[in-house]
Every structure is written in C-alpha cells, then in structure tokens.
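Structure at a glance
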Amino acid sequence: MNFAFYISGYARTFRNILISDLDVLTNTKLVVSDSKKNIDLKSTLKHFNIKYSVNDYNDSFSDYMLNLFLENQIDYCFCFGHHILKGKILDTFKNKIINFHPSILPLHPGVNSIDQAMLDNKSILLGNTAHFIDNGIDTGPIIMQSIAPKTLFETQGYKGIIDLQLPMLEFIYKKLLENKIIIKNNKVTIKNTQCIPSYFYNN
C-alpha cells in the first residue's frame, strides 16, 4: 500500500512523526502541504524517499491533491491539515482519507476543538478522534478515539493532547496493511481484533 499525508501550518504533529521515525513512514510516498511554512521538510523527506508537494491554500486544493494521489497511486491519506476537502476527491477516495481531530467526536467538531472542550463545563474529558472524511465537517465514520482528563491539558498543554494521536496513527496504519479495517453501514469494525487500545491518563 502507498500512503500520503496532508499537512498544514508548521505541521507539528507530522514533524513529531518524523522525529519518532514511525513505521508508517516506510510506506509513505507523498506529503502534501497547503503552506509554504513547511518548505524545509523537502530535504528531510528526500532522506525517506518521500515526495513533497506544496500548494497555497485555495479553492482548487482538493482537485490538486486528487491529481497527486492518482499520479502517485496513493491508497490512503492521513489528514492533519486544516483545509476542508470537497468535490471529486471525496468520491474517488471514499473511506480512504483519515482525519485526526483533537476532540472526542461528535463533541466539539470544527476548529479550536480543544479550546471548545476546555470551555465546556459539562465535559471533564479531552481526546482525539480518527475518522474517515465524508462530506460533512468531522462527521465521517469513527475508527478509534483516545481519551484524557482535562488535567492533562493543564499540565502539558495542546501538545499533551495531540501527541496521543501518534499511537492511534501507528495502530490504524498496521490494521490497514492487514486489511482489517472494515466499513459496513457507515460503521467501522476492525476484523479479528479483540479490542482497540484505549489511552486514559489520570494525573
């Protein structure tokens, strides 16, 4: 399988993936960015034999990314970007683009989700959701979630929450290689898996 990443801004999570030298990099063929802030990654990615492409944030970005995916025979994309994907790419790569969202969906969709959760007096938890992208905003089929108490944010900030995405990424990557992630009736199951790892940190 060939994997791609979509990144935005300074791409802190993806930079952590590079530093950690995660297994997913082995089969990663392409990184697409909507920000020139990441141009320094080009030489680093060359070391991993990964192509890097950048295009400024604009209305044609989804089509731009679709063409790159087809040219590079991409099977799955891990999404850590800010741009809302739309159009033909969602049909061509249905259930092939996986977003990592820093909240426990369906709570707090959209931007600034950690801030939303911190201001939500009804919730004592924070976390992340990995889900397939569909036509809605953070509404696609959920693959897995990580859970943490609000005290983690108080002690470690945004990084403490978002770093929980890395073990989620590795788990999902390995299950995709094994063809064990199945979608039926808009629900995700993981074939021949007793349980999904959960991460709960109580400070």
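Rules of the game
Residues numbered from 1 in each chain as written. Predicted model: local features only at pLDDT ≥ 70, side-chain atom pairs only at ≥ 80, totals over all residues. Heavy atoms only, no water. pLDDT = per-residue confidence, 0-100. Contact = heavy atoms within 4.5 Å. Buried < 20%, exposed > 50% of the residue type's maximum accessible area, 1.4 Å probe, protein only. Helix = DSSP H or I, 4+ residues; strand = E, 2+ residues; numbered from the N terminus. 1 Å grid on protein atoms, 1.4 Å probe; cavity = no way out; pocket = protein on both sides within 12 Å on 5 of 7 lines; lining within 4 Å. Points joined across faces, edges and corners; volume = space filled by probe spheres on them. Core = buried A, V, L, I, M, F, W, Y, C linked by side-chain atoms within 4.5 Å. Axes fitted to C-alpha atoms, helices over the stretch in contact; angles between N-to-C directions. Parallel < 35°, antiparallel > 145°, perpendicular 65-115°, else oblique. Left-handed = near helix turned anticlockwise from the far one by under 90°. Nonpolar A, V, L, I, M, F, W, Y, C, P; charged D, E, K, R; others polar.

Observations concerning the confidence of the model for the protein
Model confidence for the protein is summarised by a mean pLDDT of 92, while 95% of its residues fall at 70 or above. Here residues 199-203 is a poorly scored stretch, pLDDT under 50, and it has 15 contacts once near neighbours within four places are set aside; other chains count.

So, helix α1 (residues 12-20)
Because each turn of an α-helix spans 3.6 residues, side chains separated by three or four positions in sequence point in the same direction. Within the sequence span of α1, burial applies to Thr-13, Phe-14, Arg-15, Ile-17 and Leu-18. Residues of α1 that are buried sit in contact with β1 (3-7), β2 (28-33), α2 (41-47), β4 (76-80), α6 (150-162) and α7 (165-177). In the segment just after α1, Asp-21 is the residue with positive phi, at about 50°.

Thoughts on empty space enclosed by the protein
Applying the stated criterion across every chain, the model contains one cavity of 30 Å³ or more. Of the pockets and cavities examined, the largest cavity occupies roughly 30 Å³. Here the lining of the largest cavity gets three residues from one element, more than from any other, and that element is strand β6 (residues 125-132).

Side note on the nonpolar core
With 34 residues, the main nonpolar core has Phe-5, Phe-14, Ile-17, Phe-78, Ile-98, Phe-100 and Ile-172 as its most contacted residues. The leading source of residues in this core is α7, at seven residues. In this view, Ile-17 contacts Phe-5, Leu-22, Val-24, Leu-25, Phe-80, Leu-166 and Leu-169; residues no more than four positions away in its chain are not counted. Val-32, Cys-79, Ile-89 and Leu-90 belong to the second-largest nonpolar core, a separate cluster that totals 18 residues.

Thoughts on the packing of α1 against α7
Interaxial distance between α1 and α7 falls to 11 Å at its minimum, and their mutual angle equals 70°. Regarding the angle of α1 to α7, the classification is roughly perpendicular. In the packing of α1 onto α7, the handedness of the crossing is right-handed. Every residue of α7 that contacts α1 at Thr-13, Asn-16, Ile-17 and Ser-20 is listed here: Gln-165, Leu-166 and Leu-169. Taken together, the residues of the contact of α1 with α7 sort by class into three nonpolar, four polar and no charged.

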